[in-house]
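Descriptive analysis of the structure
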Protein chains: 2
Amino acid sequence: MKMVCSKQALVNGVNIVSKAIPARTSMSILECILIFASNDSIKLIANDMELGIETTIDGDVNDPGTIALDAKIFGDIVKRLPDGPITIESDENLKAKITCLKAKFNLPGRSGDDFSYLPNIERYDYITISQYTLKEIIRQTVFSISENENNKLMTGELFEINDDKLRVASLDGHRISIRNIELRHKYEPRKVVVPGKTLIEISKILSGEVEKEVNIFFMENYVIFEFDRTVVVSRVIEGEYFDIDQMMSGDTDIKVLVNRKDLLSSIERSTLLVKEGDKKPVIIGIEDERMELKINSTIGSMTEELSIEKEGDDLLIGFNPRFMIDALRAVDDEMVSMYFMTSRSPCIIRDDKGKYIYLILPINFKTVQ
Amino acid sequence: MKMVCSKQALVNGVNIVSKAIPARTSMSILECILIFASNDSIKLIANDMELGIETTIDGDVNDPGTIALDAKIFGDIVKRLPDGPITIESDENLKAKITCLKAKFNLPGRSGDDFSYLPNIERYDYITISQYTLKEIIRQTVFSISENENNKLMTGELFEINDDKLRVASLDGHRISIRNIELRHKYEPRKVVVPGKTLIEISKILSGEVEKEVNIFFMENYVIFEFDRTVVVSRVIEGEYFDIDQMMSGDTDIKVLVNRKDLLSSIERSTLLVKEGDKKPVIIGIEDERMELKINSTIGSMTEELSIEKEGDDLLIGFNPRFMIDALRAVDDEMVSMYFMTSRSPCIIRDDKGKYIYLILPINFKTVQ
C-alpha cells in the first residue's frame, strides 16, 4: 500500500474516526484505525463493534491496499508532523513507513484482514435533518440519560418518528427530557433507541451548520448517520422504551413564569454550598410575584429572591439543583414556564409550542433536612 | 466589620492571594483568606507560612475589622455573584454575611487573631526590575528545578546580584539553566535561593508588562516581591548554592548552529515514540552540514535530518528528549548555538552575549539501548 495526502486531511480524518476508538479494551485491533486505500478513494475506519465510523479523505493512491495502525500513536504522530504531504507505505510484513519532508517514522501495523468493517448501508429507509438540528437536540437531551448500565434502555435516547414529527427523549428515573422537531417530509412510523455514547460522539464530529444535512438510516439492528464524507454506524438498544406520555399525564395547577438566566444563575450559586455527593436540595418557595430559593448545608446558607408571575396556589418544593441546572441550560428562551401541582409531584418546564418538555421529580426535603 | 466593594475588585484580589493557599494542609486557618478592613484600605491576605500574599483592593469600609473566610468557598461564591456591589459583614460570633443584589450568603468565619500576618518590609535593601523581565526569567529557568525535596537547594532558584548584573540559575542534577540580566543600577552583592514554588505562583500573578515594575526586597530569612498593589513574602532556602561556574568550565570543541524551531519540532515528534517513564534517549548524530536525530523504542522508530553549520569533529550523542525540549522552548532566538566535546560531556546551548546558558548532561545510549 502506498498513498499520499495532505497533513490537514489526515489530521481531520483521524480526529473523526478516533471517536470510535474505545478508551479501554483487551482487543488491540479495536484500538486501530484501518487505512483503506483503493484506486478511487482513501478511507479511514474505526470500529469498536458498538460504534463504527468511516470517513473519506482526499489524496493519491499509488498502490492500493490496507493497513491497520494504532489510533493513538498514529494520530499523535500525524498531528506533530510538519505541514507537508504525508506519504504512508506498508510492505508485506505489515511495516508502515510514514514520511513527511525529512521526518520518517516506522511503525508496526496490522493486517486489514483482522479488522471489522462496517455493515453496508441499505439506502431506502431514512430521514434527513440538518446538522444543526441534530447537534442541538443531542445537547438538549443527552444529559438525562442514565450512566448506570443496569437498565440498558435508560443509557440511550428514544428517536420516535410519526409522519413529519421527530421526538427525541431521554430519562434516568429522576427526570425526563423531550424535544419535538418538525421534519420536512412525512415518514413511516419508527421507534429506535440510540446509545447515548453514539450521540455524544456524533455531536463532537458534526460541524453543526444549518445548511448541511444528515441522513439517518434505520436498519434491523443498526442506526446509521451519514453526513459530509463520514458514516457513523451504531448498534441500537433493543427493547420497548418507557411510556413517556403516561408519565407526563399528571395535573399541573400551578404555573410560574420566570426569567431563565436569573433562575439558572441563582441555582448555580446555590450549588457552591453543596459538597460533591451530598444530596442537599435547593428549596423553592413560590408565592405571588416572588420565588425564594434557599439552600442550607454544613458549609453555609444562601437565600435569594426572584420576581415571577404566578397562577395557582403557593408552594414549597425541593429539587436536586443539578437537574434544574441541566434543564434550564438546555432551553434558549428568555422566560420559561414551570408547572407544578404539589410538593411531591414533578415540575414540568415546557413551552407553549411543545418544542421542549423537561420533567424533574422533586426531593422530599422535609425528611432530607 | 462591614465593607462594600465591586465584584471585579474582589474577584481579582481573591485570585491573587489564593496563590498562597496550600493545596493540602491539616491547619484549616491556612486555607483562609483574611479580610482586613481598616479606615483607609481593604486588604486581602493569605499565608501558608512559606509563602504569604497581601493585596489591596478598592472599596468602602463602614465598620473596620477583620474576618478570615475559607478561601475556596469564599472565592467560588464571589466569582458566581451577579455583577453588582458586594457587601461583606461580620458580627461578634464571626458569622459572615455576603450580600449582592438579591443574593445572600451566610458563612461561618474565623477570627483574625488566629491568622498569621505577613512580616513588615524593611524598605532599604532592594532591586527593581520590570514585571516582564521577572516573568520571563522565571519561565526560562524554573523548569529545571528539582521536584525532589531531598536536596532542598535544588528546589529553588539562585538569584545572584553583582553590581548591575542579576544571574538567575536552577539545576536538578541533570541540567543547569542560567539567565543573566542587566540591571539599571549597581547594587551590593547578594545571593539568595528563592523557592521554585514561590516563583511559579508569582509568575501567575504578574501581569508581565514591560512598563510595570517589581521591587525585590532582601531580608534576613525572606525575599519580598512588591508590585502593583500586591506584596508577596517568601521564605528563602538556606545553605550555600552549588558552584555553577565550576560546572560550566569544561572544554567544548564542537560547535553546531541549528534552526531552533526545526530542532524543537523534531525532538517533540520523537517523544511520541517514548512511553511515559521510559528513558529512551534521542540520539543525535552530528556531521558536516547535517544533524540526524534517531529514536528507537518498542512503539516504533523515527529518523529525521536537519541542516546545520558545524565546527569541529563528528559526534554521536544521546539526550533525554524532555531536557532538550525544555531548553529549546526557553530560548527565543531563531538560530541557536550548541557546544559539545565528547559523547560523555554535556551539551551547552548559549548565545554570544551571555544572556542564557543551558547545560544538559548526555545519556550513555550505548548501555541504554
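Residues numbered from 1 in each chain as written. Chains lettered and ligands numbered in written order. Predicted model: local features only at pLDDT ≥ 70, side-chain atom pairs only at ≥ 80, totals over all residues. Heavy atoms only, no water.

1. With respect to the packing of aromatic side chains
The tally for this structure, following the rule as stated, stands at 14 aromatic pairs over all chains. Here the aromatic rings of Phe143 of chain B and Tyr358 of chain B are separated by 6.1 Å at their centres, their planes lie at 25 degrees, and the arrangement is stacked. With Phe143 of chain B in the loop between helix H3 (131-141) and strand S11 (156-171) and Tyr358 of chain B in strand S23 (residues 356-360), the pair connects residues that are 215 residues apart, well separated along the chain. Residue classification places Tyr358 of chain B among the buried positions, given a relative accessible area of 1%. Consider the rings of Phe319 of chain B and Phe340 of chain B, whose centres lie 6.4 Å apart with planes at 50 degrees: the pair is tilted. In this pair, Phe319 of chain B is assigned in strand S20 (residues 315-319) and Phe340 of chain B in strand S21 (residues 335-340), connecting sequence segments 21 residues apart. Assigned by exposure class, Phe319 of chain B and Phe340 of chain B land together as buried. Cluster of aromatic residues (ring-pair linked, three or more members): Phe36, Phe115 and Tyr117 of chain A. The ring of Tyr339 of chain A carries Arg350 of chain A above its face, with NZ or CZ at 4.2 Å from the centroid. (Phe/Tyr/Trp six-rings, centres within 6.5 Å; stacked < 30°, edge-to-face > 60°. Helix = DSSP H or I, 4+ residues; strand = E, 2+ residues; numbered from the N terminus. Buried < 20%, exposed > 50% of the residue type's maximum accessible area, 1.4 Å probe, protein only. Lys NZ or Arg CZ within 6 Å of the ring centre and 35° of its normal.)

2. Some details on the relation of the copies chain A and chain B
With an RMSD of 0.0 Å, chain A superimposes on chain B once it is rotated by 180 degrees and translated 0.0 Å along the axis. Put plainly, the chains are arranged around a two-fold axis. Residues of chain A ranked by C-alpha distance from the rotation axis are headed by Ala23 of chain A, positioned 15 Å from it. The residues that chain A uses at the interface reappear at the interface of chain B in 100% of cases, marking a shared surface. (Least-squares fit on C-alpha atoms with pLDDT ≥ 70 in both. Contact = heavy atoms within 4.5 Å.)

3. Considerations on the state of the cysteines
Residues and elements named next belong to chain B. Enumeration according to the criterion identifies zero disulfides over all chains in this entry. Not engaged in a disulfide, the cysteine Cys5 finds its nearest cysteine sulfur in Cys100; these two sulfurs lie 9.5 Å apart. For Cys5, a relative accessible area of 4% puts it in the buried group. The buried category is assigned to Cys100, whose relative accessible area is 0%. (Disulfide = S-S within 2.5 Å.)

4. Describing the confidence of the model for chain A
When pLDDT is averaged along chain A, the result is 94; 99% of the residues meet or exceed 70. This prediction of the complex comes with two scores: 0.90 for pTM and 0.86 for ipTM. (pLDDT = per-residue confidence, 0-100.)

5. A closer look at the interface of chain A and chain B
Tallying the contact residues gives 26 residues for chain A and 26 residues for chain B. At the boundary of chain A with chain B, total buried surface from both sides reaches about 2,300 Å², with 57% on carbon and sulfur atoms. Where chain A meets chain B, there are zero salt bridges. Listing elements by their share of the side of chain A that touches chain B, those giving two or more residues are helix H2 (71-80), strand S9 (103-108), helix H6 (260-270) and strand S19 (301-311) of chain A. Classifying every residue of the side of chain A that touches chain B gives twelve nonpolar, six polar and eight charged. (Buried area = accessible area lost by both parts, 1.4 Å probe. Salt bridge = Lys/Arg side-chain N within 4 Å of Asp/Glu carboxyl O. Nonpolar A, V, L, I, M, F, W, Y, C, P; charged D, E, K, R; others polar.)

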